[in-house]
Amino acid sequence: MKTPQTTTSKSGLRGEYGKVGADYTAAQEWDAYTPAMHDRWRRLYHAQAELTRRHGCRAFGEGLARLDCAQAIPRFSDANRVLEPATGWRLVAVPGFIPDAVFFEHLAHRRFPVTRWLREEHELDYLVEPDVFHDFFGHVPMLLDPAIADFLQAYGTAGARAMELGALDMLARLYWYTIEFGLVREDGELKVFGAGILSSAGETRFSVTAPDVLRLPFDPLRIMRTGYRIDAFQETYFVLESLPELVERLVALDLTPFYARWRHTPPIAPGACLPGETTFTNLGETA
Ligand code: HBI
Ligand code: FE
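Residues numbered from 1 in each chain as written. Chains lettered and ligands numbered in written order. Predicted model: local features only at pLDDT ≥ 70, side-chain atom pairs only at ≥ 80, totals over all residues.

1. Quick word on the overall build of the chain
Here comes step 1: Helix and strand content of the chain: twelve helices and six strands.
Here comes step 2: Taking 287 residues into account, the globule formula puts the C-alpha radius of gyration at 19 Å, and the chain, at 18 Å, falls close to it.
Here comes step 3: By principal-axis analysis of the C-alpha atoms, the chain measures approximately 55 × 45 × 35 Å.
Here comes step 4: Counting across all 287 residues of the chain, residues that qualify as buried make up 38%.
Here comes step 5: Once local pairs closer than 6 in sequence are excluded, the contacts in the chain between residues at least 24 apart make up 67%. (Helix = DSSP H or I, 4+ residues; strand = E, 2+ residues; numbered from the N terminus. Rg over C-alpha atoms; globule rule 2.2 N^0.38 Å. Buried ≥ 20, exposed ≤ 12 C-beta atoms within 10 Å, placed from the backbone. Contact = placed C-beta atoms within 7 Å.)

In structure tokens, the structure reads:
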């Protein structure tokens, strides 16, 4: 993804890879956040809490409430006191994007890397690299859900194997279209569970209300063959019937022959539909 940037903020936190250990973790340095940063967090939180009340899945709303992080950038140690007894996950602070193998190793051990710096004012709606708002607000509430907790660990374990088999791109698409940009149907309505959507005002509305995007039933093998966009709203979303479906379908798969069959084939273009596929719309919803 992107190369680490040097900081323009006074705290010096952004993109500081100098002081990290071999596992890329660092101290959160909560005291380095400025009042302006906490204020920015509050505004981001309130805007997204409002939108996700309407469009977020049940588990997200429940998880967010348990984290009690509306007023300031949360301390990861406080979140861990909620998270560890609930699903055995623990947050570790990182300076930003970390190497794939290191990322997988953390997930396989139920450690979730959370970027410690906060986006600047001009990046409020979207940035291509993870920051603390995306990582914490988007991902951590879902870590309190047992199915997501188990899926993420299984994904971490699958990572090393995919790298050996030259199929990392395929496995990464599974994360992208579920953990980052996944939808789930609840009581007949489309709801969001993907963190990339939940941390973006524009895409929270767009993903569930846009009439002209492709929404396909969740299918891990179709997903692993589907390319994605990192610079714009998605053109295809995949819709689960329930969160447990995610981990149940993944652990039932033998990925090795599937990787061998498809890893050299160019991916299906984002937004492209295969013969016989039908798409979901959210009937009765308006933007
Ligand atoms: N590092 N901090 C961070 N966050 C991610 O989401 C992340 C990462 N490194 C690798 C990675 N994601 C993905 O490319 C893997 O899931 C393939
Ligand atoms: Fe993410």
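More follows now that the structure is in view.
2. Here we look at the environment of Gln234
Here comes step 1: Along the chain, the position of Gln234 falls in the loop between α10 (220–224) and β6 (236–240).
Here comes step 2: Between the C-alpha atom of Gln234 and that of Glu203, which follows or precedes it by 31 residues, the distance is 8.5 Å.
Here comes step 3: Excluding residues that lie within four positions of it along the chain, Gln234 makes contacts with Phe181, Tyr228, Arg229 and Pro270.

3. Some remarks on the site of ligand 1
Here comes step 1: The environment of ligand 1 is made up of Val94, Phe97, Ile98, Asp100, Phe103, Pro113, Thr115, Pro130, Ala172 and Tyr175.
Here comes step 2: Looking at the shell around ligand 1, the elements with two or more residues in it are α4 (100–108), β2 (111–115) and α7 (168–180).
Here comes step 3: Of the residues belonging to the shell around ligand 1, the class tally is eight nonpolar, one polar and one charged. (Near = placed C-beta within 6 Å. Nonpolar A, V, L, I, M, F, W, Y, C, P; charged D, E, K, R; others polar.)

4. With respect to the nonpolar core
Here comes step 1: Counting residues in each nonpolar core, the largest one holds 68 residues, and the members touching the most others are Val114, Leu143 and Phe193.
Here comes step 2: Once residues lying within four places of it in the same chain are set aside, the contact partners of Leu143 are Leu83, Thr87, Trp89, Phe112, Ile148 and Ala149. (Core = buried A, V, L, I, M, F, W, Y, C linked by C-beta atoms within 7 Å.)

5. Focus: the packing of helix α1 (residues 35–55) against helix α9 (residues 201–209)
Each pair of packed helices can be described by the angle between their axes along with the distance between the axes.
Here comes step 1: Packing of α1 against α9 leaves a shortest axis separation of 10 Å and a crossing angle of 10 degrees. Our classification of the angle between α1 and α9 gives roughly parallel. In contact with Ala47, Gln48, Leu51, Thr52 and His55 of α1, α9 contributes Ala201, Thr204, Arg205 and Val208.
Here comes step 2: The residue makeup of the contact of α1 with α9, split by class, is four nonpolar, four polar and one charged. (Axes fitted to C-alpha atoms, helices over the stretch in contact; angles between N-to-C directions. Parallel < 35°, antiparallel > 145°, perpendicular 65-115°, else oblique.)

6. Side note on the sheet that holds strand β3 (residues 183–186)
Here comes step 1: Here four strands make up an open sheet; going across it, the order is β4-β3-β6-β5 and the pairing mixed. Across the chains shown, the open sheet's two edge strands, defined by having one partner strand only, are β4 (189–192) and β5 (214–217). The mean inter-strand angle of the sheet, taken between neighbouring strand axes irrespective of direction, is 40 degrees.
Here comes step 2: Alignment of β5 against β6, held across four bridges, turns out to be parallel. Bridging across to β6, Leu214 finds its partner in Thr236. (Pairing = 2+ DSSP bridges.)

7. Comments concerning the pairing of β4
Here comes step 1: Where β3 lies against β4, four bridges are found, and the strand directions are antiparallel. Within β4, the position partnered with Glu186 by the bridge is Glu189.
Here comes step 2: Where β3 folds back on β4, the antiparallel hairpin that results is connected by two residues, among which Asp187 adopts a positive phi of roughly 50 degrees.

8. Remarks on the pairing of β3
Here comes step 1: As paired elements, β3 and β6 share two bridges and run parallel to each other. What sits directly across from Val184, in β6, is Leu240.

9. Describing the confidence of the model for the chain
Here comes step 1: Averaged over every residue, the pLDDT of the chain is 92; residues scoring 70 or more account for 93%.
Here comes step 2: Between residues 1–10, whose pLDDT stays under 50, and residues either more than four places distant or in other chains, the model counts 18 contacts.
Here comes step 3: A low-confidence stretch, residues 283–287 stays under pLDDT 50, and its non-local contacts, those more than four residues away or across chains, total five contacts.
Here comes step 4: Scored as a whole, the predicted complex attains pTM 0.93, and scored at its interfaces, ipTM 0.96. (pLDDT = per-residue confidence, 0-100.)

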